[in-house]
Amino acid sequence: MRRIALLDYARFFAAMMVLVFHYWYDAIRHGKIFSISYTPVISTIAKAGYLGVEFFFMISGYVIFFSANQKTAVAFASARAKRLYPAYWSALILTTVVILSWGEPSQTVTWRQFLGNLTMLQSRLGIEHIDVVYWTLHYELAFYACITLILLVGLQRKLPTIITFWPLAILLVSWLDQWEVPVLTGYYSYFAAGALFAIRKEEKNNLNLLSLCLAFYCCCWFALGQPQWIDTEKWLLPGNMVIIAIITLFFVFFHFLNSPGWQQKDLPLAGLLGALSYPIYLLHNEIGVILLNHWATDSNKWFVYLLVIACIIALAFLVHKLVEKRMAGLWERFFRFVLAKPIAYLESKRFWI
């Protein structure tokens with residue numbers, strides 16, 4: 001798949017949506033940022049920033065279809081691991097250092113917690129996230145594992161068909177209230193929607209259009225029924241019509257993304273902004289909150305907000321350049337040994353078939 005500049009802009013925009021949500025609304029609301037108060041209009045707008053996560057999930061679905069289509073399980077899994085883990089490990093170490101050095105006395109990181117977080121499976125191990133934003137990575141990992149399994153059992157050519165019926169499976173499971181079924185929970189409606197847009201880039205037909213409409217329904221239904229994290233205070237979320245409007249805009253974006261004009265359009269700094277989006281997402285929350293509490297007051301908060309965002313972008317740039325790019329050869333060898341070889345062995349045997 002040729003790199004799409006507009007998609008890189010979308011990644012960066014999604015990361016900034018989440019950053020704005022945490023800095024201007026969520027962290028203040030929950031007392032994590034205590035040195036400054038709400039900015040009424042900005043905080044009201046920032047409420048909707050949590051949907052940046054859903055936008056990320058749609059982008060993942062779109063990209064992963066092209067990454068997996070007609071690929072081997074080894075090639076797919078290795079590429080995803082190299083994309084996901086090095087930046088994550090770097091962010092985890094940096095965040096831990098900042099928490100232990102400048103965090104509040106109540107903030108601690110134990111060795112068990114740190115080692116558990118290294119796996120990215122801490123939520124399944126019953127271990128607390130060092131940074132709350134890591135919760136989304138479990139969904140990404142499960143999605144990648146599911147695609148890897150499909151490729152591993154030799155169903156590459158069936159991947160478009162499987163994805164086409166994915167929203168229907170999500171809907172059926174939700175009707176049964178079985179929300180913990182892997183890759184069939186509400187958040188996966190967004191992955192499915194992104195993947196369906198990718199399929200429709202290659203082939204448009206009534207079946208995948210119907211499935212896309214079903215995915216849109218699932219996305220809206222889940223978003224309006226949503227999250228356990230809001231507790232019982234429904235006012236924490238923007239109004240229902242605002243949520244539906246934003247999700248609709250996500251779908252409109254992907255519709256236009258599939259047009260040849262936008263696919264081939266060059267945009268300044270697109271590659272860099274796309275590359276920085278994942279490290280920004282991983283780094284912004286705990287580190288940013290701690291820096292804001294140390295530096296910001298109501299009188300200087302706008303300057304400090306800009307300074308903190310600049311610091312996060314600079315850290316993300318260093319992670320991208322020093323860890324992801326300069327150490328690319330090391331990660332290639334590491335994941336070839338710990339991941340590619342075992343998967344290649346299973347792929348060659350396929351003893352379960």
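The preceding data block contains the structure.
Being a predicted model, the structure only gives us computed values, none of them experimental. (Residues numbered from 1 in each chain as written. Predicted model: local features only at pLDDT ≥ 70, side-chain atom pairs only at ≥ 80, totals over all residues. Heavy atoms only, no water.)

Looking at this model, I keep getting lost on the overall build of the protein. Mind explaining?
Helix and strand content of the protein: 16 helices and 0 strands. Taken over C-alpha atoms, the radius of gyration comes to 20 Å for the protein, in line with the 20 Å a tight globule of 353 residues would show. With respect to the principal axes defined by its C-alpha atoms, the protein has extents near 60 × 45 × 45 Å. Within the protein, the fraction of its 353 residues that count as buried is 52%. Partitioning the intrachain contacts of the protein with sequence separation of at least 6 by distance along the chain shows that 78% fall at a separation of at least 24. Counting every atom, the protein has about 16900 Å² of accessible surface; 68% of that belongs to carbon and sulfur. A gap of 11 Å separates the mean positions of the 28 positive and 19 negative side-chain charges of the protein. (Helix = DSSP H or I, 4+ residues; strand = E, 2+ residues; numbered from the N terminus. Rg over C-alpha atoms; globule rule 2.2 N^0.38 Å. Buried < 20%, exposed > 50% of the residue type's maximum accessible area, 1.4 Å probe, protein only. Contact = heavy atoms within 4.5 Å. Areas by Shrake-Rupley, 256 points an atom, 1.4 Å probe, with all protein chains shown as cover. Lys, Arg positive; Asp, Glu negative; His and termini not counted. Charge placed at Lys NZ, Arg CZ, Asp CG, Glu CD.)

Any chance you could explain the packing of aromatic side chains here in plain terms?
Two aromatic rings are characterised by how far apart their centres lie and by the angle between their planes. On inspection of all chains with the given rule, the structure shows 44 aromatic pairs. Both rings, one in Phe56 and one in Tyr281, keep their centres 5.7 Å apart while their planes meet at 70°; by these two values the pair is edge-to-face. In this pair, Phe56 sits in helix α3 (residues 51-68) while Tyr281 sits in helix α14 (residues 270-295), placing the two residues 225 residues apart along the sequence. With a relative accessible area of 4%, Tyr281 lands in the buried category. With centroids separated by 5.1 Å and ring planes inclined at 65°, the aromatic side chains of Tyr139 and Tyr187 adopt a geometry described as edge-to-face. Of this pair, Tyr139 sits in helix α7 (residues 135-152) while Tyr187 sits in the loop between α9 (166-175) and α10 (188-202), placing them 48 residues apart in sequence. Here Tyr139 falls in the buried class, since its relative accessible area comes to 18%. Three or more aromatic residues link up through ring pairs in this structure, and these residues are Phe57, Phe76, Trp135, Tyr139, Phe143, Tyr144, Trp166, Tyr187, Tyr188, Phe191 and Phe222. Taking the ring centre of Tyr144 as reference, the NZ or CZ of Arg80 above it sits at 5.6 Å. (Phe/Tyr/Trp six-rings, centres within 6.5 Å; stacked < 30°, edge-to-face > 60°. Lys NZ or Arg CZ within 6 Å of the ring centre and 35° of its normal.)

Can you help me understand α14 in this one?
In an α-helix there are 3.6 residues to a turn, and that puts residues three or four apart on one side. In a regular helix each residue adds 1.5 Å, so 26 residues correspond to 38 Å; α14 covers only 31 Å between its end C-alpha atoms and thus falls short of that length. Of all the bends in α14, the largest measures some 50° and sits at His284. (Expected span 1.5 Å × (residues − 1). Bend = angle between axes of the 7 residues up to and from the residue.)

Quick question: what am I supposed to make of the pattern of salt bridges here?
Side chains that carry opposite charge are capable of pairing whenever their charged atoms lie near each other. The full count for this structure, using the stated rule, is 7 salt bridges. The partner of Lys82 in a salt bridge is Glu332, and the shortest N-O contact between them spans 2.4 Å. Of the two residues, Lys82 is situated in helix α4 (residues 73-102) and Glu332 in helix α16 (residues 328-349); the sequence distance between them amounts to 250 residues. Overall, Glu332 belongs to the partly exposed group, its relative accessible area being 32%. Within this structure, Arg3, Asp8 and Arg11 form a network of salt bridges that share partners. (Salt bridge = Lys/Arg side-chain N within 4 Å of Asp/Glu carboxyl O.)

Could you clarify how one ought to interpret α7 in this entry?
Taking 1.5 Å per residue, 18 residues should reach 26 Å; α7 reaches 26 Å between its end C-alpha atoms and fits that length. Among the 18 residues that make up α7, 13 are buried, leaving the element largely enclosed by the rest of the structure. A positive phi of about 80° marks Gly154, the residue just after α7.

Is there a simple way to explain the nonpolar core in this structure?
Residues Tyr88, Trp166 and Phe254 are the most contacted members of the largest nonpolar core, which totals 122 residues. Here this core gets 16 residues from one element, more than from any other, and that element is helix α1 (residues 5-29). Residues in contact with Trp166, not counting those within four places in the same chain, are Phe143, Val183, Leu184, Tyr188, Phe191 and Ala192. (Core = buried A, V, L, I, M, F, W, Y, C linked by side-chain atoms within 4.5 Å.)

Is there a simple way to think about the side chain of Asp8 in this case?
When you line up the elements, Asp8 lands in helix α1. Exposure remark for Asp8: the relative accessible area of 1% places this residue in the buried category. Polar contacts involving the side chain of Asp8 include one to the side chain of Arg3, which spans 2.8 Å. When neighbours within four sequence positions are excluded, Asp8 is seen to be in contact with Arg3, Ala270, Gly271, Leu273 and Gly274. (Polar contact = N/O pair within 3.5 Å; in protein donor to acceptor, adjacent residues only side chain to side chain.)

How should I be thinking about the environment of Tyr9 in this particular structure?
As for its position among the elements, Tyr9 is in helix α1. When the C-alpha positions of Tyr9 and Val323 are compared, they lie 22 Å apart, and in sequence the two are 314 residues distant. Those residues in contact with Tyr9 that sit more than four places away from it in its chain are Leu267, Pro268, Ala270 and Leu273. Side-chain polar atoms of Tyr9 contact the backbone oxygen of Pro268, separated by 2.7 Å.

What's the story with unusual backbone geometry in this structure? I'm lost.
Most peptide bonds are trans, and most residues other than glycine sit at a negative phi. A positive phi angle, near 70°, is found at Met120, a position not held by glycine. Mapped onto the fold, Met120 is located in the loop between α5 (111-118) and α6 (122-125). For Met120, a relative accessible area of 2% translates into the label buried. The phi torsion at Leu269 lies on the positive side, around 60°, for a residue other than glycine. Structurally, the position occupied by Leu269 is in the loop between α13 (260-263) and α14.

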